[in-house]
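Okay, here's what each chain looks like letter by letter:
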Amino acid sequence: MAESGEVPVGQPEKRESEFKPSWLFQTEDELKGLGIDPKTKFGKAIRLLHATPASALDTEGLKGIASSILNMAMEEEIPEDIYGFVVGRVSDRILSIEKAGESMVGEQLENGGGESLISGRRETIDTLQELKDINRKLLDVSLNQESLQRAQIELLRRSGFSGFVSAMEARAGINVQQFDTEPPVWYDSLPREWKNVIRTNLGVLMGSYIKLRSPGKGAELLISSEDIRIDRDAMASMWEKVPGFRQTMATMIFELFEIKDGILILSEEGKRKLSSFESYRERLERRVLSFLKEEKGHQLIEEMVNDGAPQDLSNPELLARFAVSTAFNFLYLSGVFESGDLDRGLVDPQVFNPSVRSFFLPMNQARSKYVTREGELVGTDEAWGGNLGEWFAERIRHEPSFKEDFLANRGVTKLMPERLMYSLLDLTYFNDGGSLSAALSKIFSEEQRDIVGEVFDFKDATEVDWRKLRSQELWGAYSNSMDSAWKIYQAVIGRADPKIFTRPVFADSLAQLRKERTLGDLYTGETGEWIVAAVLTSVLGGPHLYSSQILLRLPEEKYDYQVWYWLNEDRILAGLPGGARRRIFRLLNACDLDSFVGEILSYFQGLPFFGRGEINRKIQKERTGWTGGV
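Quick caveat, the model's predicted, so the values are computed rather than measured.

With the rule as written, the count across this model stands at 27 salt bridges. One salt bridge in this structure joins Glu394 and Arg397, with 3.3 Å as the shortest N-O distance. Of the two residues, Glu394 and Arg397 both sit in helix H20 (residues 386–398), three residues apart, roughly one turn of that helix. For the salt bridge of Asp592 with Arg581, the shortest nitrogen-to-oxygen distance reads 2.7 Å. Remark: Arg581 occurs in helix H29 (residues 580–587) and Asp592 occurs in the loop between H29 and helix H30 (596–601); sequence separation between them is eleven residues. Shared partners join several salt bridges into a network, and the residues in it are Glu193, Lys241 and Asp307.

So, about unusual backbone geometry. The backbone of Arg171 shows a phi angle near 55°, a positive value even though the residue is not glycine. Within the element layout of this structure, Arg171 appears in the loop between helix H6 (145–170) and helix H7 (176–181).

Bringing the pairing of strand E2 (residues 263–266) into the picture now. Burial along E2 is two-sided: the face carrying Ile263 and Ile265 and the face carrying Leu264 and Leu266 are both buried. For strand E1 (residues 257–260) and E2, the ladder comprises four bridges, and the chain directions are antiparallel. Residue pairing across strands places Ile259 opposite Leu264, the latter belonging to E2. The antiparallel hairpin formed by E1 and E2 contains two residues in its connecting segment, where Asp261 sits at a positive phi of about 55°.

Attention now goes to the packing of aromatic side chains. A complete count under the given rule lists 34 aromatic pairs for this structure. For the ring pair Phe359 and Tyr489, a centre distance of 5.5 Å and an interplane angle of 55° mean the geometry is tilted. Here Phe359 is found in helix H18 (residues 354–360), whereas its partner Tyr489 is found in helix H23 (residues 474–492), with 130 residues between them in sequence. Residue Phe359 is classed as buried on the basis of its relative accessible area of 0%.

Glancing now at the side chain of Asp426. Take Asp426: it is sitting in the loop between helix H21 (400–408) and helix H22 (436–440). Buried Asp426, no salt bridge; nearest opposite-charge side chain is Arg419, N-O distance 5.9 Å. In terms of polar contacts, Asp426 uses its side chain to reach the side chain of Ser437, at 2.4 Å. Non-local contacts of Asp426, meaning those with residues more than four positions away in its chain, are made with Gly262, Ile263, Leu264, Ser339, Ser435, Ser437 and Thr518.

Here we take up the layout of surface pockets. Roughly 1300 Å³ of volume is contained in the second largest pocket. Examining the composition of the lining of the second largest pocket, we find that five residues originate from one element, helix H19 (residues 362–370), more than from any other.

Take the pairing of strand E4 (residues 455–458) next. The alternating pattern of E4 places Val455 and Asp457 and Phe456 and Phe458 on opposite faces, both of which are buried. As paired strands, strand E3 (residues 449–452) and E4 are joined by four bridges and run antiparallel to one another. By the bridge assignment for E4, Val452 is matched with Val455. Where E3 folds back on E4, the antiparallel hairpin that results is connected by two residues, among which Gly453 adopts a positive phi of roughly 65°.

Right, let's talk about the nonpolar core for a bit. Within the largest apolar cluster, 156 residues are counted, with the highest numbers of intra-cluster contacts made by Phe322, Phe337, Trp466, Ile488 and Tyr523. With eleven residues, helix H16 (residues 316–334) is the largest single contributor of residues to this core. Here Phe322 is in contact with Phe161, Phe164, Val165, Met168, Trp194, Asn201, Val242 and Leu313, once residues within four sequence places are set aside. Core analysis: the next-biggest nonpolar cluster, separate from the first, contains 25 residues, Trp23, Phe25, Ile69 and Val87 among them.

Calculation rules
Residues numbered from 1 in each chain as written. Predicted model: local features only at pLDDT ≥ 70, side-chain atom pairs only at ≥ 80, totals over all residues. Heavy atoms only, no water. Salt bridge = Lys/Arg side-chain N within 4 Å of Asp/Glu carboxyl O. Helix = DSSP H or I, 4+ residues; strand = E, 2+ residues; numbered from the N terminus. Buried < 20%, exposed > 50% of the residue type's maximum accessible area, 1.4 Å probe, protein only. Pairing = 2+ DSSP bridges. Phe/Tyr/Trp six-rings, centres within 6.5 Å; stacked < 30°, edge-to-face > 60°. Lys, Arg positive; Asp, Glu negative; His and termini not counted. Polar contact = N/O pair within 3.5 Å; in protein donor to acceptor, adjacent residues only side chain to side chain. Contact = heavy atoms within 4.5 Å. 1 Å grid on protein atoms, 1.4 Å probe; cavity = no way out; pocket = protein on both sides within 12 Å on 5 of 7 lines; lining within 4 Å. Points joined across faces, edges and corners; volume = space filled by probe spheres on them. Core = buried A, V, L, I, M, F, W, Y, C linked by side-chain atoms within 4.5 Å.

This is the structure:
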């Protein structure tokens, strides 16, 4: 036998595959110099991209690839100099394709074609050239966050308002505070009302950027961001004075949603349209542009520009892009897509953030691990939802009756909450008590709906009067509720830090959520009782995996006291049905130390309560049956 490291006789020497130059990496040193780990998801994707012929990639495909690269890089914490180099090469490739297209259209012009054939293409090329220059600058400096933000501000300075619109389309993050300290000249020349519009869009843009670039932590980062701002007066100005914005909002609400119990829910047709959002967006933009090019549209544009809007918006093409991007980014940030996706129908990451959807609809996420799209319930070794999720997985694998209960969402399967949060539209109210969702949903009424060319509008625009909303700054009040719901969500799925998630924090979070009219229905009554039980089940160690009933993994001497301690807080039980405290004790097989019997039993360690000893014996029997005695 050959010694280690030697090639056996008669077998060819194994050699590494020979490097072949491509449009992505011209030399092997270039590839190796970046130090990309080929075993990671990011590394595998880059190697595959390197092996893909340039002729097989068009501009739209490359733009999607660039977005995916950034998502993977953020998820795997790839250094910026590595992914910046790759994105720069992708930008170069897009630019070369676009220039080739411009050359071809130029030949058409020489043969009598009109200038309109290349106006849109030339604008795209200019923007890409700017992005290419920025990428190259980034590679020449330390690539820290400050230099990145300075590069973005510099892009806005040089490209004018059209560059701002391009950033909105791409959902590129722009540091709001730095923008304020180094504002572009075109911004300084705007009246106060339009400055307010731009700053609000910067806030929405930052939130959209965070969601898009952070698929695994989007919800958490949105809550903690200080740069997200949505000013009601700025929204009112856009609603009233920006041709195309209101029409885009009305059209998207009408075509994508339906109203159910006052809440916006995605319709089947809406999910179909959003399954490929870019194509839907392009069609919508063409429809808005058609409206703006009509006589009424021209008149509205003239009035807007005379009222102090950026002069660039006199161009209908740019205005259409601005209107559609502004409307979509607002809806995207609002969480209305995640909130309305009741059966995980969304698949395009440009539309939703998976961490936000899981946060809003935990049972939705849990079901995805066990139920196929055809409705078949399958056993799995993969669990979701921490301690509760592990227990669910064991029950589904071994108990037929539990499977039936799980599909019907009855019994203890209600421990995984169906919903914990609603969208910004559903939780934003007017002074008269109505919700923003209810106001926007008036577009469903034929009496209120107007058809203008190929888009929809409200016959009476004052049906949605943003200036009468209760909160002047919409995101602040909403993020407070999100923060409270997020703490409970983290506790349910077993990710809460016990040093931070204490009994007072739990009580404070419930108090915050119960005072919100829409959310209050989730955290009071029978639903609220199940949420409290779910939190206690999870934070107190979780149920024993082999127990059909809930027996927490707590030392016997601490068992009753821990459950009693958490339930001995009136604010936690406030708003729950009568007898909720007693039922939760019984569900968790714990002893209420406030009762006379409880006080007696507390003196005797290990004395079974509610059949706890019998449950322990059943655990050993069931465990032997499930594991074969291992």
